[in-house]
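The residues making up each chain are set out below.
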Amino acid sequence: MPEDPPTRLRFAPSPTGALHIGGARTALYNWLAARHSGGELVLRIEDTDRERSTGENVEQILDALRWLELDWDEGPVSQASRADRHAEALKRLLESGAAYRDSATAKEVEAWKAEHGAGSGYRGTPVTEPGAAVRLRVPDEGETVVDDLIRGPVRFPNRSYDDFVIARGDGSVLYNFAVAVDDAEMGIDEVVRGDDHLSNTPKQLLVLAALGHEPPRYAHLPLLHGPDGKKLSKRHGAASVQELRESGYLPAAVRNYLALLGWGTADDTTLMPTEELVRRFRVEDVGKAAAIFDEKKLRWVNGRFMRELPLEEYAEAVARHLGRELDDRLRGACAIAQEKAQTLDEVWPLIGFLFEPPVDDEKAWAKVMKDGALAALEAVRSALVEVEAFDAGAVEKALEPLPGRLDAKPGRVYQPIRVAITGTAVSPGIFESLAALGRDESLARIDAALARLRS
RNA sequence: GCCGCUAUCGUCUAGGGGACUAGGACGCCGGAUUCUCAGUCCGGAAACCGGGGUUCGAAUCCCCGUAGCGGUACCA
């Protein structure tokens, strides 16, 4: 594989809300590309729309990136803070005649188009009044070509583009202008962003050309959709990074899964630690078709990561997620539950009985506590009293003979224990569970169940 | 409307003219692991959007159609 030169990229979210999965994937791809090439990643906040850009939103995005463990080398740079640079560039274009002031209203533009045909972009007439918006002159002839890293050359006829507005009447600049100026002045050499920007790229190219800047390379990622095939939104459950965190996913698993959404390896490797992602990722290999976010697969990936974690790290993650102090009891609980949970959220239901009284699950009781349950529990009790070292192995050895002796299926003996000590019909292995609970508490719970059975 | 992008199992994808009776993964279905659930292992069903070309030969190239998506703001 040929070495890629160090590349300078940027992730430039607009702080209009939480970081969604689509944005997270864009951030990840930028990060992977930067780290893969040994280059740099700049974080720029696209906040020229001051209405929607709140500090709170910005903080949310930084928070999401930190949780995902995607670091950046520069920034966050506020685009709004670069207003003087934008003004300077704007002035240059006005002076060179590449841009002009035009007082046309939206309705007037519409009327112009009706007159000139739908395929023609609006062309205004320069005015001198200072309060008018500034438009960039777009050539009537020729085409602007975006040489996309993912899609190849994409050609756009210049004629179909309006002389678009690059600055408002009050002098503040618009997105497509600010982005072009910033990317150039910040020395960005590769722009990796969502597909929804592809049609805007010719505008940015036109601005760059008018300013005499060399354009960066562009890569437009296919969009992400929800399970219904529609654009991803809050409707789709865990759509934001915050929600993913709250649902108990591991950052490394999320990175792995997100990387696979639109990108894959030739050998179909599915599970990859982040270092491998960094080593193998190339934007050129990203697919062209939109992908659907499938939480089922994320769950599976997450489960695999959870099971492969060293116990201490696993316990730390669980403790953090539960907001509990990490002590030996929790470590022990994690040890018996690690094989069974796919997300951090699923851990507590499995181990809660070690910290709290048995839950009240009437259905489980009704299903299990009948027939020979009383006799079984009595036998279990006597056997447990005799166990010397109360560990899982010893407990197993003590209980193993019971089904045979009682002439009952194992389930008839073990399920009543489970319901007695946890209250539910689902828990980690019964021997491990008893051992983790300890002899005294186990016997107390079995006694309580026996009392209830006899009443 | 106009400009543009995309199209392989339900989902993520491999595939870049013969290696394809189209491979892998998630999910699903069935079986095994004679304590639940989960996990693990084994097996199974499941796709090249449609139509024309090009070619000895097309999932792969071209055209048309269809569908989905994006852009078309003094939003980003």
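Data block above holds the structure.
This is a predicted model, so every value here is computed, not measured.

*Asks:* Explanation requested: the overall build of chain A in the structure shown.
*Replies:* Regarding its fold elements, chain A presents 20 helices and 12 strands. The C-alpha radius of gyration computed for chain A amounts to 31 Å, which surpasses the reference 23 Å derived for 455 residues by more than 25%, pointing to a less compact arrangement than a globule. Across chain A, every contact between residues at least 6 apart in sequence was considered, and the portion connecting residues at least 24 apart equals 75%. For chain A, the computed accessible surface area is about 21600 Å², with 50% contributed by carbon and sulfur atoms. Each charge class in chain A can be summarised by its mean position, and for the 58 positive and 75 negative side chains these summaries are 4 Å apart.

*Asks:* Explain the nonpolar core here, please?
*Replies:* The nonpolar side chains of a soluble globular protein tend to be buried, and buried together. Of all hydrophobic cores here, the largest spans 53 residues; its most connected members are I351, M369, L384, L399, I417 and L434. Per element, the largest residue contribution to this core is seven residues, and it comes from helix α15 (residues 373-386). Among all residues touching M369, those that are not within four sequence positions of it are L377, P416, V419, A420, A449 and L453. If you look at the next biggest cluster of nonpolar residues, it comprises 46 residues, including F11, L28, A33 and Y257.

*Asks:* Whenever I open this one, the side chain of T422 confuses me. Can you help?
*Replies:* On the secondary structure map, T422 appears in helix α18 (residues 410-422). Looking at T422, its side chain comes within polar contact range of the main-chain oxygen of R418, at 2.7 Å.

*Asks:* Help me out: how do you make sense of the protein's contact with RNA strand B in this one?
*Replies:* If you check the shell around RNA strand B, you find 64 residues, and the closest are S14, G262, D268, K340 and R418. One of the side-chain N or O atoms of R151 is found 2.6 Å from a sugar or linking oxygen in RNA strand B. Within the backbone of D196, an N or O atom sits 3.4 Å from a sugar or linking oxygen of RNA strand B. Those elements that place two or more of their residues in the surface near RNA strand B are β5 (133-136), β7 (152-157), α5 (175-185), β12 (291-292), α10 (295-308), α18 and α19 (430-437).

*Asks:* Explain α18 here, please?
*Replies:* Along its 13 residues, α18 runs 18 Å from first to last C-alpha, staying within 8% of the 18 Å computed at 1.5 Å per residue. Once α18 ends, the next one or two residues include G423, with phi positive near 90°.

*Asks:* For this particular structure, what's the right way to read the sheet that holds strand β8 (residues 165-167)?
*Replies:* Strands belonging to one sheet form pairs held by backbone hydrogen bonds; the direction of such a pair is parallel or antiparallel. Strands sit in the order β4-β5-β8 across an open sheet of three strands; the sheet is antiparallel. The open sheet is flanked by β4 (99-102) and β8, the only strands paired with a single partner. On average, each strand axis in the sheet is tilted by 45° relative to the strand beside it, whichever way the strands run. Summarising the sheet, β4 and β5 pair through four bridges and their orientation is antiparallel. Residue pairing for β5: Y100 is matched across the bridge by R135.

*Asks:* Would you take a moment to explain the side chain of T7 for this structure?
*Replies:* Looking at the secondary structure, you find T7 in the segment before β1 (8-11). Dropping the residues within four chain positions of it, T7 is found in contact with A34, S37, G39, E40, D189, E190 and R217.

*Asks:* Please clarify how the packing of α18 against α19 should be interpreted in this entry.
*Replies:* The packing of two helices is summarised by the inter-axis angle and the distance between the axes. Running from N to C, α18 and α19 cross one another at 35°; their axes reach a closest spacing of 10 Å. As for how α18 packs across α19, the hand of that crossing is left-handed. Taking contact as the criterion, the partners of Y414, I417, R418 and I421 in α18 are, on α19, I430, F431, S433, L434 and L437. Residues that form the contact of α18 with α19 fall into these classes: seven nonpolar, one polar and one charged.

*Asks:* Please explain unusual backbone geometry as it appears in this structure.
*Replies:* Backbone phi values are negative for most residues with the exception of glycine, while trans is the configuration of most peptide bonds. Phi at E69 takes a positive value of approximately 65°, unusual for a residue other than glycine. Along the chain, E69 falls in the loop between α2 (55-67) and β3 (74-78). What makes E69 partly exposed here is its relative accessible area of 47%. At D268, a residue that is not glycine, the phi angle is positive and equals roughly 65°. With respect to the element layout, D268 can be found in the loop between α8 (251-260) and α9 (274-280).

*Asks:* Any chance you could explain the pattern of salt bridges here in plain terms?
*Replies:* As a working rule, side chains carrying opposite charge can pair if their charged atoms are close by. Applying the stated criterion across every chain yields a total of 33 salt bridges. Of the charged contacts, one joins E59 and R66 as a salt bridge, the two residues approaching to 3.4 Å between their closest N and O atoms. Here R123 ties to D163 by a salt bridge, and the two come within 3.4 Å at their closest N and O atoms. With R123 in the loop between α4 (106-116) and β5 and D163 in the loop between β7 and β8, this pair connects stretches of sequence that are 40 residues apart. Each member of the pair R123 and D163 is classed as buried. Taken together, the salt bridges that share partners define one network made up of R10, R44, E46 and D183.

*Asks:* Honestly, the environment of L93 in this entry has me stumped. Any pointers?
*Replies:* Secondary-structure assignment places L93 in helix α3 (residues 83-96). It is 66 Å that separates the C-alpha atoms of L93 and L350, two residues lying 257 residues apart in sequence. Look past the residues within four positions of L93 in its chain and what remains in contact with it is A98, A99, L136, I166, F177, A210 and L211.

*Asks:* Help me understand the packing of aromatic side chains in this model?
*Replies:* Pairs of aromatic rings are described using the distance from one ring centre to the other and the angle between the two planes. One pass over the structure, following the stated rule, counts seven aromatic pairs. Ring geometry for Y257 and F293: centres 5.8 Å apart, planes at 75°, overall edge-to-face. One end of the pair, Y257, is in helix α8; the other, F293, is in the loop between β12 and α10, and 36 residues separate them in sequence. We note that Y257, like F293, is buried. Ring geometry for W263 versus F281: centroids 5.4 Å apart, planes at 55°, classification tilted. Of this pair, W263 sits in the loop between α8 and α9 while F281 is found in the loop between α9 and β12, placing the two residues 18 residues apart along the sequence. Since its relative accessible area comes to 4%, W263 is described here as buried. A residue is classified by how much of its surface remains accessible, and F281, at 1% relative accessible area, is buried. By the ring-pair criterion, three or more aromatic residues cluster together here, those being Y29, W263 and F281.

Conventions used here
Residues numbered from 1 in each chain as written. Chains lettered and ligands numbered in written order. Predicted model: local features only at pLDDT ≥ 70, side-chain atom pairs only at ≥ 80, totals over all residues. Heavy atoms only, no water. Helix = DSSP H or I, 4+ residues; strand = E, 2+ residues; numbered from the N terminus. Rg over C-alpha atoms; globule rule 2.2 N^0.38 Å. Contact = heavy atoms within 4.5 Å. Areas by Shrake-Rupley, 256 points an atom, 1.4 Å probe, with all protein chains shown as cover. Lys, Arg positive; Asp, Glu negative; His and termini not counted. Charge placed at Lys NZ, Arg CZ, Asp CG, Glu CD. Core = buried A, V, L, I, M, F, W, Y, C linked by side-chain atoms within 4.5 Å. Buried < 20%, exposed > 50% of the residue type's maximum accessible area, 1.4 Å probe, protein only. Polar contact = N/O pair within 3.5 Å; in protein donor to acceptor, adjacent residues only side chain to side chain. Near = heavy atom within 4 Å. Expected span 1.5 Å × (residues − 1). Pairing = 2+ DSSP bridges. Axes fitted to C-alpha atoms, helices over the stretch in contact; angles between N-to-C directions. Left-handed = near helix turned anticlockwise from the far one by under 90°. Nonpolar A, V, L, I, M, F, W, Y, C, P; charged D, E, K, R; others polar. Salt bridge = Lys/Arg side-chain N within 4 Å of Asp/Glu carboxyl O. Phe/Tyr/Trp six-rings, centres within 6.5 Å; stacked < 30°, edge-to-face > 60°.

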